[in-house]
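Summary of the model geometry
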Amino acid sequence: EALQQQFNRFVFKAEQAEYEYEGIEWSNIEFPDNQEALDLIEAKRLGIFAVLDEQCRLPRRTDQTFAKSVYDTCESNSYFEASRMQRSKGRFAIIHYAGSVTYDSDSFILKNKDELPKSASDLLASSTIPFVSELARILGGNDSCRPAPSGDGGCAPLKR
């Protein structure tokens, strides 16, 4: 959607403005404005991405709670569709520039969590550079402790 909007702005709007400025005869090209579809997807607090991020931050959220939240938040947007049949299957549709696309909420929560793979976390944690190993603990969700000065693997409070 964003790419289509860029194309529309820079090809159609800019060229038409240039023709007008230079006094060139041309016939106006009508094209839809997809800002409402972009807002449906990207708007802060009310867009699908914002709903997804919020659901990922809250405890005990599932793809079903995400889908319900999307239905509740987005149903008034004219670029959003969710029939009873779609809702029963955790699906919804967005009317994009090129047409309607149906999305299945299955695995949305899992795919959005952006968790660091365990192998990468282990590699960072094994570093002899204190900053890197502490970063691994923070990224791993264990930012409340750092290695104890004794080196015995225990935790000492993190100094911030």
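Note that the structure is a prediction, hence the values are computed from the model and not measured. (Residues numbered from 1 in each chain as written. Predicted model: local features only at pLDDT ≥ 70, side-chain atom pairs only at ≥ 80, totals over all residues. Heavy atoms only, no water.)

**Some points on the environment of Leu38**
Within the fold, Leu38 resides in helix α2 (residues 35–42). Classification of Leu38 as buried rests on a relative accessible area of 4%. In this structure, the C-alpha to C-alpha distance between Leu38 and Gln5, residues 33 residues apart in sequence, is 8.8 Å. (Helix = DSSP H or I, 4+ residues; strand = E, 2+ residues; numbered from the N terminus. Buried < 20%, exposed > 50% of the residue type's maximum accessible area, 1.4 Å probe, protein only.)

**Topic: the sheet that holds strand β1 (residues 80–81)**
Ordered by their spatial adjacency, three strands build an open sheet running β1-β2-β3, and the pairing between neighbours is antiparallel. The two strands at the open ends of the sheet, each matched to only one other strand, are β1 and β3 (99–104). Pairing of strand β2 (residues 91–96) with β3, which is carried by six bridges, proceeds in the antiparallel orientation. Residue pairing in the sheet places Arg91 in a bridge with Asp104 of β3. (Pairing = 2+ DSSP bridges.)

**Here we look at the packing of helix α3 (residues 48–57) against helix α4 (residues 63–74)**
At a minimum axis distance of 10 Å, the contact between α3 and α4 shows a crossing angle of 140°. By the angle class used here, α3 and α4 are oblique. The handedness of the crossing between α3 and α4 is right-handed. Across the interface between the two elements, Ile48, Val51, Leu52 and Gln55 from α3 touch Thr65, Phe66, Ser69, Val70, Thr73 and Cys74 from α4. Its residues assigned to classes, the contact of α3 with α4 shows six nonpolar, four polar and no charged. (Axes fitted to C-alpha atoms, helices over the stretch in contact; angles between N-to-C directions. Parallel < 35°, antiparallel > 145°, perpendicular 65-115°, else oblique. Left-handed = near helix turned anticlockwise from the far one by under 90°. Contact = heavy atoms within 4.5 Å. Nonpolar A, V, L, I, M, F, W, Y, C, P; charged D, E, K, R; others polar.)

**What about a nonpolar patch on the surface?**
Nonpolar side chains collect at one region of the surface, where Leu116, Ile129, Phe131, Leu135 and Leu139 lie side by side and expose about 480 Å² of accessible area between them. Summarising the element assignment, Phe131 is placed in helix α8 (residues 130–139). Since its relative accessible area comes to 62%, Phe131 is described here as exposed. (Patch = residues over 30% accessible without salt bridge, like charges linked within 9 Å, V, L, I, M, F, W, Y side chains within 5 Å. Areas by Shrake-Rupley, 256 points an atom, 1.4 Å probe, with all protein chains shown as cover. Salt bridge = Lys/Arg side-chain N within 4 Å of Asp/Glu carboxyl O.)

**A look at the environment of Ile95**
For Ile95, the position within the fold is in strand β2. Residues Ile95 and Leu40, 55 residues apart in the sequence, show an inter-C-alpha distance of 9.9 Å. What Ile95 contacts, discounting residues up to four positions off in sequence, is Ala37, Ser78, Tyr79, Glu81 and Ser100.

**Overview of the nonpolar core**
Grouped together as the largest cluster of nonpolar side chains are 15 residues, with contacts concentrated most on Ile48, Phe66, Val70, Phe80 and Phe92. Elements supplying a minimum of two residues to this core: α2, α3, α4 and β2. In terms of residue count, α4 provides more of this core than any other element does, five residues in total. Each residue touching Phe80, except ones within four places of it in the same chain, is listed here: Leu40, Val70, Tyr71, Cys74, Glu75, Phe92 and Ala93. (Core = buried A, V, L, I, M, F, W, Y, C linked by side-chain atoms within 4.5 Å.)

**Some remarks on the side chain of Asn77**
Here Asn77 shows up in the loop between α4 and β1. Residue classification places Asn77 among the buried residues on the basis of a relative accessible area of 14%. A distance of 2.7 Å separates the side chain of Asn77 from the backbone nitrogen of Tyr79, its partner in a polar contact. Apart from residues no more than four positions distant in its own chain, Asn77 is found in contact with Glu36 and Leu40. (Polar contact = N/O pair within 3.5 Å; in protein donor to acceptor, adjacent residues only side chain to side chain.)

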